[in-house]
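Observations on the model geometry
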Amino acid sequence: MYSSEKPLDCVVIGAGPGGLVATKELIENGIKKLLCLEMEDQIGGVFAKTYENLTLTSSATFSMFSDFLNKPGEDNYFWTKEEAIDYWGRYAQHFGVTEHIRFNTEVTSVERVQNQHWQITLSCGQIFKSVRIIIATGNNRFESYPEWAKQLSAIDYSHSKNYRNADPFKGKRVVVVGGGESASDIALEISKVAHASWISLRESAGWVVPRKRGDYATDTSTHRGLWGLPRRYGAQFTKRSIELDRAKKDPVHDAIAMLNSRIRDPRGIWSTYGTKTVALAEAIAHHNCKVVEEVVRVEDGGKCLVTGDGLVLHNIDAVVFSTGYINHTSFLPEAYQAVDPRRLYKHIFHPDTGDSLMWIGVARPGFGSQFPIMEMQARLCALICAGKHQLPSAMAMNRSIQTDYQKNMEQFGRNAKRIRSLVDYFHYMDEIAELIGCKPPLKNYIYRHPTLWLKMMYGPAQATQYRLVGPGRKRELAHYILKNLPLSRFNNVVKIGLRLRLMQLFEGAMEIFRRD
């Protein structure tokens, strides 16, 4: 049995994108006694085991890390899971991360020892000690099912985590449960081969947008020019967007408008998560997939399902649940196994354990991409591990947690209660940047570097703009990458943003006039 004499400085658990970027940032901040543990035989985490035809819903430009440019010509390209893993592999090699990873290594328990360090026990019996631990295992390990799934005794049912392709559903009557991107992609594949198919939605399928508009990645328009607006303009943004979809007089866009109209919250698009695929709209428009309400009653072991509006679905053969995951880390002490992301300081730190235990990857952006968020979290964690930044007191962290909780509840409403990891990408990224000291110097750049300012305001708001100043800055590299980023076309999203900007200026002027 191996036992280290002195504790390691930090152990990262998980070699998915979050674990890789955390290890890389620790290396760059001078952490020497470092280890990354991965239970599989390759990098990639949960992505490596997803369904066969998975394509990322954020473009390569948005998905890349801040200081490792994607391949030329990928501006409007969306990686397959194999291509994403390839990128992360090249990233790990480039920054010397791979040599710190121990593969085929399962952690079975983590225990606090005399409030000084953590003891990490592996399935093989080896033990490591570490001053700090970063949990980067993701939150997609344990499936979540609605209560009524237990009553499905007479039909087949499964979770999207275990879905690989539509072959088992050929000629059957199938219900897909849940909104979001996985549910949409799966519903389309099944609807092409099933005898009949339905998708059951509790409320909405999120805000549905295509991955691409024409030849251009839609998330190029996820920029500060529009998304920097106050969230009170969500109703106007939503209404105009739905009108534009309906005006196309196209069955797929009619389905998109119908799905987006199901969002009841007055903030509309800014009250929910993005579903960056039109797969469900295509399934509805071209393959006769029917949208039904939430299932409220199960009869005959599942062969008969009754929805909230009284519709009865007969002769069901199978149900596929795309109903998310339980946030559970079984190897941690019981008090932290099912930690609520909304009760963590900035979705990273528990006030009781401070900087000794950190979570990366339990903040899910409504729009944008989770990979830049992981990187910003990793940068903050690495600065803390290196003694270059300090956390506030437990009391101050609890106050901040409560403030963030209220803000998220106000913006996301029921979605915030149901999806505990959901955050506003722009607000969250800028908040972490303020802690680090790397918030983009937009006012400075509008005069000194107007071309780069334009890229930061009307190009994809990925992570490179946070490398211009502060700890971890790589100014020359950041300039080079920003120059190579695409710029949003003068499309309807930009036009809506400009219209709302003018509304904001008018309201501001009227407020000044009233005061005078």
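A brief structural summary. Nothing here was measured: the structure is a model prediction, and the numbers come from that model. Every chain's residues receive numbers from 1 upward, in the order its sequence appears when written. The model is predicted, so local features are restricted to residues of pLDDT at least 70 and side-chain atom pairs to those at 80 or more, both for listing and for counting; the totals for chains, interfaces and linings are taken over all residues. Working from all heavy atoms in the structure, the side-chain values ignore hydrogens and water.

Looking at the overall build of the protein
Summing up its helical and strand segments, the protein has 17 helices and 23 strands in all. Just to be clear, the radius of gyration here is over C-alpha atoms, and the globule rule we use is 2.2 Å times residues to the power 0.38. Scaling as 2.2 N^0.38, a compact globule of 516 residues should have a C-alpha radius of gyration of about 24 Å, and the protein matches this with 23 Å. Summarising its shape, the C-alpha atoms of the protein cover approximately 65 × 65 × 45 Å along the three principal directions. Counting only residues that meet the buried cut, the protein has 56% of its 516 residues in that class. What counts as a helix is a DSSP run of H or I of at least four residues, what counts as a strand is a run of E of at least two, and both are numbered from the N terminus. Throughout this description, buried means an accessible area under 20% of the type-specific maximum (1.4 Å probe, protein chains only), exposed means over 50%, and partly exposed covers the range between.

A word on the pattern of salt bridges
Take a side-chain nitrogen of Lys or Arg and a carboxyl oxygen of Asp or Glu: if they are within 4 Å of each other, that pair is a salt bridge. Applying the stated criterion to the full structure yields 30 salt bridges. Among the salt bridges present, the one from Asp 86 reaches Arg 90, with a minimum N-O distance of 3.1 Å. Taken together, the residues Asp 86 and Arg 90, both in helix H3 (residues 81-94) and four residues apart, mark about one turn of the helix. Taking relative accessible area as the criterion, Asp 86 reaches 35% and is therefore assigned partly exposed. Relative accessible area serves as the criterion here: at 28%, Arg 90 is assigned to the partly exposed category. The partner of Glu 410 in a salt bridge is Arg 267, with the nearest N and O atoms 3.3 Å apart. Taken together, the positions of Glu 410 in helix H11 (residues 394-412) and Arg 267 in the loop between helix H7 (251-260) and strand E14 (274-275) put the pair 143 residues apart, joining distant regions of the chain. Here Glu 410 falls in the exposed class, since its relative accessible area comes to 54%. Each member of the salt-bridge network shares a partner with another, and the members are Lys 24, Glu 25, Glu 28, Asp 67, Glu 375, Arg 467 and Lys 474.

Structural notes on the sheet that holds strand E9 (residues 173-177)
In a beta sheet, neighbouring strands are held together by backbone hydrogen bonds and run either parallel or antiparallel to one another. The pairing criterion is simple: DSSP has to find at least two bridges between the two strands. Strand order across the open sheet formed by five strands is E8-E19-E9-E10-E15, with parallel pairing between neighbours. In the strand order of this sheet, the two ends are held by strand E8 (156-159) and strand E15 (290-292), each with one partner. On average, each strand axis in the sheet is inclined to that of its neighbour by 20°, with strand direction left out of account. Lines fitted to C-alpha atoms define the axes here, with helix axes fitted over just the stretch in contact, and angles between the N-to-C directions of these axes take values from 0 to 180 degrees.

Here we look at the packing of aromatic side chains
Each aromatic ring pair is summarised here by two numbers: the centre-to-centre distance and the angle between the ring planes. Here is the rule: rings of Phe, Tyr and Trp (six-membered ring for Trp) pair when centre to centre is within 6.5 Å. Planes less than 30 degrees apart are stacked, more than 60 are edge-to-face, and the remainder are tilted. What the rule picks out here adds up to 21 aromatic pairs. Seen from their ring centres, Phe 62 and Tyr 425 are 5.7 Å apart, and the 65° between their planes marks the pair as edge-to-face. Of this pair, Phe 62 sits in helix H2 (residues 60-63) while Tyr 425 is found in helix H13 (residues 425-436), placing the two residues 363 residues apart along the sequence. On the basis of relative accessible area, Phe 62 is assigned to the buried category, the value being 0%. Members of the aromatic cluster, joined through ring pairs, are Phe 62, Trp 227, Phe 237, Trp 270, Phe 367, Tyr 425 and Phe 426. The lysine or arginine in question, Arg 112, covers the ring of Trp 118, its NZ or CZ lying 4.8 Å from the ring centre. Only when the NZ of Lys or the CZ of Arg is both within 6 Å of the ring centre and within 35 degrees of the ring normal is a charge said to sit over the ring. Over the ring of Tyr 405 we find Arg 343, and its NZ or CZ is 4.3 Å from the ring centre.

Focus: unusual backbone geometry
Positive phi outside glycine occurs at Asn 315, with the angle close to 55°. Along the chain, Asn 315 turns up in the loop between strand E18 (312-313) and strand E19 (318-321). For Asn 315, a relative accessible area of 56% corresponds to the exposed category.

Comments concerning the pairing of strand E10 (residues 196-200)
Along E10, five of the five residues are buried, which leaves the element largely enclosed by surrounding structure. Looking at chain direction, E9 and E10 are connected through five bridges and run parallel. Counterpart to Val 176 in the pairing with E10 is Ile 199. Crossover handedness is defined here as right-handed if the route from the first strand over the helix to the second strand goes clockwise, with the strands pointing away from the viewer. The handedness of the E9 to E10 crossover, carried by helix H4 (residues 180-193), is right-handed. Bridge analysis of E10 against E15 gives three bridges, and the strand direction is parallel. Pairing of Trp 198 across the sheet is with Lys 290, part of E15.

Here's the deal with the side chain of His 100
By secondary structure assignment, the location of His 100 is in the loop between H3 and strand E3 (101-102). Judged by its relative accessible area of 17%, His 100 is buried. Should any heavy atoms of two residues lie within 4.5 Å, those residues are considered in contact. Other than its neighbours up to four places away in sequence, His 100 contacts Thr 23, Ile 27, Leu 34, Leu 35 and Cys 36.

So, the nonpolar core
By convention a nonpolar core is built from buried Ala, Val, Leu, Ile, Met, Phe, Trp, Tyr and Cys residues, the set being connected through side-chain atoms within 4.5 Å. Grouped together as the largest cluster of nonpolar side chains are 120 residues, with contacts concentrated most on Leu 26, Trp 88, Ile 134, Ile 190 and Phe 349. Sorting elements by how many residues they give to this core places helix H10 (residues 370-385) first, with 11 residues.

Notes on H7
Buried residues of H7: Val 252, Ala 255, Ile 256, Ala 257, Leu 259 and Asn 260, and no others. Of the surrounding secondary structure, the elements contacted by the buried residues of H7 are strand E11 (207-208), helix H6 (234-247), helix H8 (279-287) and E15.

Description of the side chain of Asp 67
By secondary structure assignment, the location of Asp 67 is in the loop between H2 and H3. Under the relative-accessibility criterion, Asp 67 is labelled buried at 6%. In protein, a polar contact requires one atom able to donate a hydrogen and another able to accept it; more generally it is a pair of N or O atoms within 3.5 Å, and residues adjacent in sequence count only if both atoms are side-chain atoms. At a separation of 2.6 Å, a polar atom in the side chain of Asp 67 contacts the side chain of Lys 474. Ignoring any residue separated from it by four or fewer positions in sequence, one finds Asp 67 in contact with Lys 24, Glu 28, Tyr 91, Phe 95, Glu 375, Arg 467, Lys 474, Leu 477 and Ile 481.

Details of the packing of helix H15 (residues 450-458) against helix H16 (residues 475-484)
It is the contact of H15 with H16, at a shortest axis distance of 9 Å, that shows an interaxial angle of 65°. On the basis of the axis angle, H15 is roughly perpendicular to H16. The handedness of the crossing between H15 and H16 is left-handed. Contacts between H15 and H16 involve Leu 452, Lys 455 and Met 456 from the former and His 479, Leu 482, Lys 483 and Asn 484 from the latter. Roughly parallel covers angles under 35 degrees, roughly antiparallel covers those over 145, roughly perpendicular covers 65 to 115, and oblique covers all other angles. A clockwise turn of the near helix away from the far one marks a right-handed crossing, whereas an anticlockwise turn of less than a right angle marks a left-handed crossing.

Digging into the sheet that holds E18
Across the sheet, three strands lie side by side as E16-E17-E18; this open sheet has antiparallel pairing. The open sheet is flanked by strand E16 (295-299) and E18, the only strands paired with a single partner. In this sheet, E18 lies alongside strand E17 (residues 304-307) in antiparallel orientation, the contact comprising two bridges. In the sheet register, Leu 305 faces E18, and the bridge partner there is Leu 313.

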